[in-house]
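Okay, here's what each chain looks like letter by letter:
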Amino acid sequence: MDNRPSWDEYFMDMAVLTAKRSTCLRRHVGAVIVKDKHIVATGYNGAPRGLEHCGDREGGCLRQQLGIPSGEKHELCRALHAEQNAIIQAATLGQSIEGASIYITHQPCVICAKMIINAGISRIVVKEGYPDQLSVDILKEAGLKIVMLGEI
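The rules behind these values
- Residues numbered from 1 in each chain as written.
- Predicted model: local features only at pLDDT ≥ 70, side-chain atom pairs only at ≥ 80, totals over all residues.
- Heavy atoms only, no water.
- UniProt positions renumbered as here; feature names shortened; annotations may be inferred.
- Helix = DSSP H or I, 4+ residues; strand = E, 2+ residues; numbered from the N terminus.
- Contact = heavy atoms within 4.5 Å.
- Buried < 20%, exposed > 50% of the residue type's maximum accessible area, 1.4 Å probe, protein only.
- Core = buried A, V, L, I, M, F, W, Y, C linked by side-chain atoms within 4.5 Å.
- Polar contact = N/O pair within 3.5 Å; in protein donor to acceptor, adjacent residues only side chain to side chain.
- Axes fitted to C-alpha atoms, helices over the stretch in contact; angles between N-to-C directions.
- Parallel < 35°, antiparallel > 145°, perpendicular 65-115°, else oblique.
- Left-handed = near helix turned anticlockwise from the far one by under 90°.
- Nonpolar A, V, L, I, M, F, W, Y, C, P; charged D, E, K, R; others polar.

### A closer look at the UniProt feature "binding site: Zn(2+)" (unreviewed entry) in the chain
Reasoning step 1: The sites that UniProt annotates as "binding site: Zn(2+)" (unreviewed entry) are His81, Cys109 and Cys112. Considering the C-alpha atoms alone, the annotated residues occupy 32 residues of sequence yet fold into one spot, their largest mutual distance being 8.9 Å.
Reasoning step 2: The topology assignment puts Cys109 in the loop between strand E3 (101-106) and helix H4 (110-119).
Reasoning step 3: If we ignore the near neighbours within four places in the chain, the residues touching Cys109 are His74, His81, Glu83, Tyr130, Asp132 and Ser135.
Reasoning step 4: A residue is classified by how much of its surface remains accessible, and Cys112, at 1% relative accessible area, is buried.

What follows is the structure, encoded as structure tokens:
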């Protein structure tokens, strides 16, 4: 009997581990891009390279200060999202992610959904939802389904 995790469970565990590097004060998110059962890139949500994280800045998180709910006004966030960082990492390394899968601890927002579509990622596996119906609608229109880990 094989007690090993499935490939989806294994890569999601890696996304959960990656999320532990997050510097966001509101939500820790991790993403892992996988192609042919090989990890191509990882990402977590946090401030751009060389900039202060919200926890290090006086006043902390602007979105928290303004009472902005999750899933709204992403442009007021100082951080890049985990999916964005993973896609950027793959591009920086010259790795094609066309046809890859992405494992994310949370459903992507609409901005990340559009990046996932244009990056050519063909499969999205998430652990938890996120309050952004437009993201779901855009991904569905593009022929991509968000697969919840428990549904596999």
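### A short note on the nonpolar core
Reasoning step 1: One finds Ile33, Ile97, Ile102, Ile104, Ile116, Ile121 and Ile124 to be the most contacted residues of the largest nonpolar core, which totals 22 residues.
Reasoning step 2: Put simply, the parts of the chain that give this core at least two residues each are strand E1 (30-35), strand E2 (38-44), helix H3 (82-92), E3, H4 and strand E4 (123-128).
Reasoning step 3: Take this core: its biggest share by element is four residues, from H3.
Reasoning step 4: With sequence-adjacent residues up to four places away left out, Ile102 is seen in contact with Ala31, Val32, Ile33, Glu83, Ile116, Ile121, Arg123, Ile124 and Val125.
Reasoning step 5: Counting eight residues, the second largest nonpolar core, distinct from the first, contains Phe11, Met12, Tyr103 and Val125.

### Some points on the side chain of His106
Reasoning step 1: Counting through the fold element by element, His106 comes out in strand E3.
Reasoning step 2: For His106, the side chain forms a polar contact with the side chain of Glu128, separated by 3.4 Å.
Reasoning step 3: Beyond its immediate stretch of four places on either side in the chain, His106 contacts Arg27, His28, Val29, Glu83, Val126, Glu128 and Gly129.

### Section: the packing of H3 against H4
Reasoning step 1: Two elements in contact, H3 and H4, have axes whose closest approach is 9 Å; the angle formed by their N-to-C orientations is 25°. The angle between the axes of H3 and H4 places the two elements in the roughly parallel class. In the crossing of H3 with H4, the sense of the turn from one axis to the other is left-handed. Contacts from Glu83, Gln84 and Ile87 in H3 reach Ile111, Cys112, Met115, Ile116 and Ala119 in H4.
Reasoning step 2: Grouping the constituent residues of the contact of H3 with H4 by class yields six nonpolar, one polar and one charged.

### Focus: the environment of Gln133
Reasoning step 1: Mapped onto the fold, Gln133 is located in helix H5 (residues 133-141).
Reasoning step 2: Judged by relative accessible area, which is 51%, Gln133 ranks as exposed.
Reasoning step 3: The sequence separation of Gln133 and Gly71 amounts to 62 residues, and the corresponding C-alpha distance is 9.1 Å.
Reasoning step 4: Within the local environment of Gln133, its side chain forms a polar contact with the side chain of Asp137, the two groups lying 2.9 Å apart.

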